[in-house]
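Breakdown of the fold
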Amino acid sequence: MSKLNQDQIDSNLLKLSGWSYENEAISKQFQFKDFIEALSFVNAVGLESEKMDHHPDILMFAWNKVKITISTHSAGGVTDKDFSLAQKIEERIK
């Protein structure tokens, strides 16, 4: 899987609400109504990530906030696989 260039990253980001690119990764912060909803989201992302064999960094902070950061370490940056996972995460929260 090859690393995307900046134009490709920018184009893909336009399709995802709230995601940003920084430090060779894409990320988004999510906020939920309570701890249980945030934890359920983390577990759902974990299961979907495992199915794809593509594991993001997941940071759960405060009692209702989660930050997801995705990159393809073997490619040294962002690939199509990262955007596929981000899209699946977006579908999970709708």
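Please refer to the structure placed before this passage.
Numbers given for residues are sequential positions, taken from 1 along each chain in its written order. A pLDDT threshold of at least 70 governs which residues receive local features in this predicted model, and a stricter bar of 80 or more applies before side-chain atom pairs are shown or counted, although totals over entire chains, interfaces and linings include all residues. Just so you know, side-chain values use all the structure's heavy atoms and leave hydrogens and water out.

It is worth spelling out unusual backbone geometry at this point. At D53, a residue that is not glycine, the phi angle is positive and equals roughly 50°. Mapped onto the fold, D53 is located in the loop between α2 (35–52) and β3 (57–61). Summary of the burial criterion: residues with accessible area below 20% of their type's maximum are buried, those above 50% are exposed, and those between are partly exposed, where the area comes from a 1.4 Å probe applied to protein chains only. Owing to a relative accessible area of 55%, D53 belongs among the exposed residues under this scheme. The phi dihedral of A62 falls on the positive side, at around 55°, and the residue is not glycine. Secondary structure counts use DSSP, requiring at least four H or I residues in a row for a helix and at least two E residues in a row for a strand, with both numbered from the N terminus.

As a further point, take a nonpolar patch on the surface. Residues enter a patch when their relative accessible area is above 30% and they make no salt bridge; the linking distance is 9 Å between like charges and 5 Å between nonpolar side chains (Val, Leu, Ile, Met, Phe, Trp, Tyr). For every accessible area listed, the method is Shrake-Rupley and the probe measures 1.4 Å; residues are considered covered only by the protein chains on display. Just to be clear on terms, a salt bridge is a Lys or Arg side-chain nitrogen sitting within 4 Å of an Asp or Glu carboxyl oxygen. A grouping of F35, I36, L39 and W63 is seen on the molecular surface, where their side chains present a nonpolar patch of about 410 Å² in accessible area. Looking at where I36 falls in the secondary structure, it is placed in helix α2.

Moving on: the sheet that holds strand β4 (residues 65–70). What the four strands build is an open sheet, ordered β1-β2-β4-β3; its pairing is antiparallel. On the outer flanks of this sheet lie β1 (20–22) and β3, each paired with one strand and no other. Averaged over all adjacent pairs, the angle separating strand axes in this sheet is 25°, with direction ignored. Two strands pair if DSSP finds at least two bridges between them. Axes, fitted as lines to C-alpha atoms, cover a helix only where it is in contact. Angles between the N-to-C directions of the axes lie from 0 to 180 degrees.

Let us now look at helix α1 (residues 6–13). Considered for burial, the residues of α1 that qualify are I9, N12 and L13. Projected down its long axis, α1 carries its buried residues within an arc of 100°, all on one side. Here a residue-residue contact requires only that any non-hydrogen atoms of the pair lie within 4.5 Å. Of the surrounding elements, those touching the buried residues of α1 are β1, β2 (25–31) and α3 (80–93). Residue N5 occupies the N-cap position of α1, its side-chain oxygen lying 3.0 Å from the main-chain nitrogen of D7. Each C-beta atom gives one direction from the helix axis, and the arc is the one those directions make. Whenever a nitrogen or oxygen atom comes within 3.5 Å of another N or O atom, the pair is scored as a polar contact, on the condition that within protein one atom can donate a hydrogen and the other can accept it, and that pairs from neighbouring residues in sequence are kept only if both atoms are in side chains.

A few words on the nonpolar core. We call a set of buried Ala, Val, Leu, Ile, Met, Phe, Trp, Tyr and Cys residues a nonpolar core when their side-chain atoms join them within 4.5 Å. Counting 21 residues, the largest nonpolar core has W19, I26, F41, I68, I70, F83 and I89 as its most contacted members. Sorting the residues of this core by element identifies α1, β2, α2, β4 and α3 as the ones contributing at least two each. Tallying contributions element by element places α2 first for this core, with five residues. Excluding its chain neighbours within four sequence positions, the residues that come into contact with F83 are L4, I9, N12, L13, L16, I26 and V78.

Here the structure, examined in full by the defined rule, presents three salt bridges. With a shortest N-O distance of 3.1 Å, E24 and K3 are connected by a salt bridge. Linking E24 in the loop between β1 and β2 with K3 in the segment before α1, this pair joins segments that are 21 residues apart in sequence. Judged by relative accessible area, which is 33%, E24 ranks as partly exposed. Residue class for K3 comes out partly exposed when judged on its relative accessible area of 41%. Here E48 makes a salt bridge to K51, at a shortest N to O gap of 4.0 Å. Taken as a pair, E48 and K51 lie in helix α2 at a separation of three residues, close to a single helical turn. Exposure remark for E48: the relative accessible area of 23% places this residue in the partly exposed category.

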